[in-house]
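# Notes for the structure review
Single-letter residue listing:
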Amino acid sequence: FKTIDGGNVWVAKNKGLEELMPAKLNLSNIKYVSLTIDPQNPEIIYAGSGERRGQIYKSVNGGDYWVKLTGKRENIYPEGWWIKETNWPGGAGYFANCLLVDPTNSKRIYSAGRSGIWRSDDGGVTWRAKVEGREATCLHQITFDPKRPDIVFVGASDWVFLQSGERGKTFERSLKGIGNWDEKEDKNIWEKYRMKNGLCFAIDPRHETSTVYLGGDATEINSGTIFKSTNGGK
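Residues numbered from 1 in each chain as written. Predicted model: local features only at pLDDT ≥ 70, side-chain atom pairs only at ≥ 80, totals over all residues. Heavy atoms only, no water.

Further remarks concern the sheet that holds strand β12 (residues 160–164). Sheets are built from strands that pair by backbone hydrogen bonding, the pairs being arranged parallel or antiparallel. Taken together, three strands build an open sheet; the order of strands is β10-β11-β12 and the sheet is antiparallel. Strand pairing shows two members of the sheet lacking a second neighbour, β10 (139–144) and β12, which therefore form its edges. The mean inter-strand angle of the sheet, taken between neighbouring strand axes irrespective of direction, is 15°. As paired elements, β10 and strand β11 (residues 152–156) share five bridges and run antiparallel to each other. Across the sheet, the residue bridging to Leu139 is Ala156, located in β11. (Pairing = 2+ DSSP bridges. Helix = DSSP H or I, 4+ residues; strand = E, 2+ residues; numbered from the N terminus. Axes fitted to C-alpha atoms, helices over the stretch in contact; angles between N-to-C directions.)

Listed below in structure tokens is the structure:
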């Protein structure tokens with residue numbers, strides 16, 4: 001949807017997206033999970049989908065019409081990586097969770113999702129995996145502690161969250177209070193919350209050790225919990 005009056009009136013902008021509409025596929029879980037606008041040309045917009053069809057689309061007229069960028073398998077280059085074809089951009093197992101246009105080069109677009117980071121250097125025509133040095137994990141958000149910028153929090157699928165005290169050189173995780181599958185003392189917490197994915201952080205820097213909030217979802221559908229740490233995530 002698009003609004004040109006600050007949110008008072010919204011207009012649907014779905015032309016070109018019909019193949020992913022729930023009515024046609026008889027599915028209710030098609031989701032558009034990312035959207036980004038070219039900072040040099042606001043008429044150019046990219047949208048990414050997840051759930052069943054992980055496609056990336058482009059509009060050059062402010063959303064009036066969309067063109068699929070990831071429909072041709074010959075334009076996807078995994079560069080020898082181990083990800084299966086279903087998890088390439090455009091595959092049934094791909095999630096285009098995050099899209100970004102390079103502010104200095106509008107032809108360069110990044111997509112981060114279920115199978116790592118992909119990059120296009122030609123406005124979305126071809127895509128190449130850029131995953132050397134990365135392990136296979138799904139990241140949702142990266143947040144710095146505003147008072148201590150060497151502290152980095154990363155929300156992740158399956159691992160819930162990772163924390164670094166060295167600006168990302170090394171990472172660890174402490175799930176005490178959230179539930180740790182490896183510690184008997186936290187078994188009851190795990191059984192209660194079944195926290196699985198860390199989705200987002202909010203940090204209150206007013207205290208000497210920042211207060212950290214973590215929002216995430218659990219293993220059951222429509223479930224989730226917000227956790228609070230008063231000792232910087234320990």
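Before going further, it helps to examine the side chain of Thr36. With respect to the helices and strands, the residue Thr36 is situated in strand β1 (residues 31–37). Sequence-distant contacts of Thr36, defined by excluding residues within four places in its chain, comprise Ile44, Ile45, Tyr46, Leu99, Leu100 and Val101. (Contact = heavy atoms within 4.5 Å.)

The strand order β1-β2-β3-β4 describes an open sheet built from four strands, whose pairing is antiparallel. Strands at the two margins of the open sheet, each flanked by one partner only, are β1 and β4 (67–68). Examined bridge by bridge, β1 and strand β2 (residues 45–50) share six bridges and lie antiparallel to one another. Residue pairing in the sheet places Ser34 in a bridge with Gly48 of β2.

If you trace the backbone, Arg148 turns up in the loop between β10 and β11. When sequence neighbours within four positions are dropped, the list of residues in contact with Arg148 reads Thr209, Ser210 and Gly232.

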